[in-house]
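What follows is each chain in one-letter form.
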Amino acid sequence: MISFLDNRFWLVTAAVILVMRLVPARKGTLFGLVNIGALGIIAGWQAAAVAVGFAFLYWAQLAGVRTFRRSRKGLFATWVGRTTLIVPLVVFLAHKWLVELDPRPAAHSELRSVLFGLGLSYVFLRCLEAAHGVVWKQQRLIDPLALFGYLFPFPLLLSGPVNRYDDHLRMDEIIAPSDWLGIVNDVTTGFFYKFLLAEYLRVWWFGTGEPMRSAGWADTAVLFVYIFFDFAGYSRIVLGIGRAIGIPTPENFRAPFRSASVTEFFTRWHMSLGAFVQRNIYTPLQLFLVRRWGVRRATAVGLVVLAVAWVFVGLWHRLSVGFVAYGLGMAAVVWVEKWVRDRALKRAWARTRVAKVLTRVLGPVYVFVVMTTMIHLVIGEIFR
Amino acid sequence: MTLPRPPRSIRMELILVAWIAVKVALLLLFVRSQAAEFVYAGF
């Protein structure tokens, strides 16, 4: 896998930008086509072949299921529709098992390196998003090449962000931004975060000869800041590249350490994942349960939906008991915050200027302490 | 979604150019330092 620090990555990116801006063709299909070459050079031709094969087969499944569901209704048709979620889930679980759970670290090393280059955790989310759009929301099914470009966009492979299917649908209508100064600012800020601030912090705290590990809460706090600069930097570089090529790329971080509550924190940290969960799990599940259980059980519905959404987020990061506990813990924190907010809003003192200033000043401290404590639960699984 | 950005004034453009130059200069300084040998070996 070629990284941002390799000149070949930038040569490939420059070539893709030129093709996308100069060739007059449907942008979604054109990007799918040039993405094959880019993926081949960056992640390897074997990985590119696997990705193209998967995207075309998944396109055939989506097309078949959509046609079938138009002619048939009922429970069987519903389950046929659900196969578009089950197939990527099985692939995702197999990939997770191979990468995280297989007790033989040396086994299947070639397959592991191919799968690693494809960033299958993100591909899984894009599959769910596409299936939700095409099979349930009756959105247009893009052609197989464009679907390949949506599922495996070469700049977004390793760590996302989670791009939206309906944004990709509108790709042909969107004119690629020509704000080159903004694009250069995105890429240089990303490099500054990822390869300078994050790495300088790492060298300063852990030294040059020691691996990054947490021996206590303070180490976890430093690692939390490190993860921010590393991930936000990566996301910003990708945002700049996405803008230059003209592929819809969501913003992923917006000053998360300024948040006054954990709930707000997750609207600013890994925003594309939070928005994905909101669109594809939280809202549909909430509607489904309210229809089944009725509005009188709104509290139970709220609790179940929050727990399911957060356990999904935990398990998506890693299939382990620790991350289930992390997910349930986060759900509990968000629930308590909602409970406090609902009651505090009824009090006159909560609306005073002093209370608002205190919330803005002390809120970020509270968020940092809670988040560091929650991450401390699973830090041993992230940095080993 | 890639949001369109509001237009910038000439003054803001100059500030942005200066900020980009500072970031690039700091990155180059870091790349030439001893720490970079260790850090970039991991990538």
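Since the structure is predicted, the reported quantities are computational estimates derived from the model, not experimental observations.

## Side note on the confidence of the model for chain A
Mean pLDDT over chain A works out to 92, with 99% of the residues at or above the 70 mark. Within chain A, helix 5 (residues 109-118) of chain A has the poorest average pLDDT of any element, 78, and helix 7 (residues 144-151) of chain A the best, 97.

## Points about the interface of chain B and chain A
Contact residues are listed per partner, giving 20 residues for chain B and 32 residues for chain A. Both faces combined, the contact of chain B with chain A buries some 2400 Å², and carbon together with sulfur accounts for 67% of it. Between chain B and chain A we count one salt bridge in total. Between A:Asp179 and B:Arg8 there is a salt bridge, with the nearest N and O atoms lying 2.6 Å from each other. There are four residue pairs in polar contact (both at pLDDT 80 or more) connecting chain B and chain A. Broken down by element, the side of chain B that touches chain A gets its largest block of residues, ten residues, from helix 1 (residues 10-31) of chain B. Its residues placed into classes, the side of chain B that touches chain A shows 15 nonpolar, one polar and four charged.

## Considerations on the packing of aromatic side chains
Residues and elements named next belong to chain A. This model, assessed by the stated rule, comprises 38 aromatic pairs over all chains. Centre to centre, the rings of Phe54 and Tyr58 are 6.0 Å apart; their planes meet at 10°, and the pair counts as stacked. Here Phe54 pairs with Tyr58, and both are found in helix 3 (residues 45-71), just four residues apart, close to one helical turn. There is no split in this pair, since Phe54 and Tyr58 are both buried. A ring pair is formed by Tyr193 and Phe228, whose centres lie 6.0 Å apart and whose planes are at 50°; its orientation type is tilted. Residue Tyr193 is located in helix 9 (residues 180-206), and its partner Phe228 is located in helix 10 (residues 217-245); the two are separated by 35 residues in the primary sequence. Here the basic side chain of Arg82 rests over the ring of Trp79, its NZ or CZ set 4.6 Å away from the ring centre. If you follow Lys338 out to its NZ or CZ, it ends over the ring of Trp335, 5.9 Å from the centre.

The rules behind each value
Residues numbered from 1 in each chain as written. Chains lettered and ligands numbered in written order. Predicted model: local features only at pLDDT ≥ 70, side-chain atom pairs only at ≥ 80, totals over all residues. Heavy atoms only, no water. pLDDT = per-residue confidence, 0-100. Helix = DSSP H or I, 4+ residues; strand = E, 2+ residues; numbered from the N terminus. Contact = heavy atoms within 4.5 Å. Buried area = accessible area lost by both parts, 1.4 Å probe. Salt bridge = Lys/Arg side-chain N within 4 Å of Asp/Glu carboxyl O. Polar contact = N/O pair within 3.5 Å; in protein donor to acceptor, adjacent residues only side chain to side chain. Nonpolar A, V, L, I, M, F, W, Y, C, P; charged D, E, K, R; others polar. Phe/Tyr/Trp six-rings, centres within 6.5 Å; stacked < 30°, edge-to-face > 60°. Buried < 20%, exposed > 50% of the residue type's maximum accessible area, 1.4 Å probe, protein only. Lys NZ or Arg CZ within 6 Å of the ring centre and 35° of its normal.

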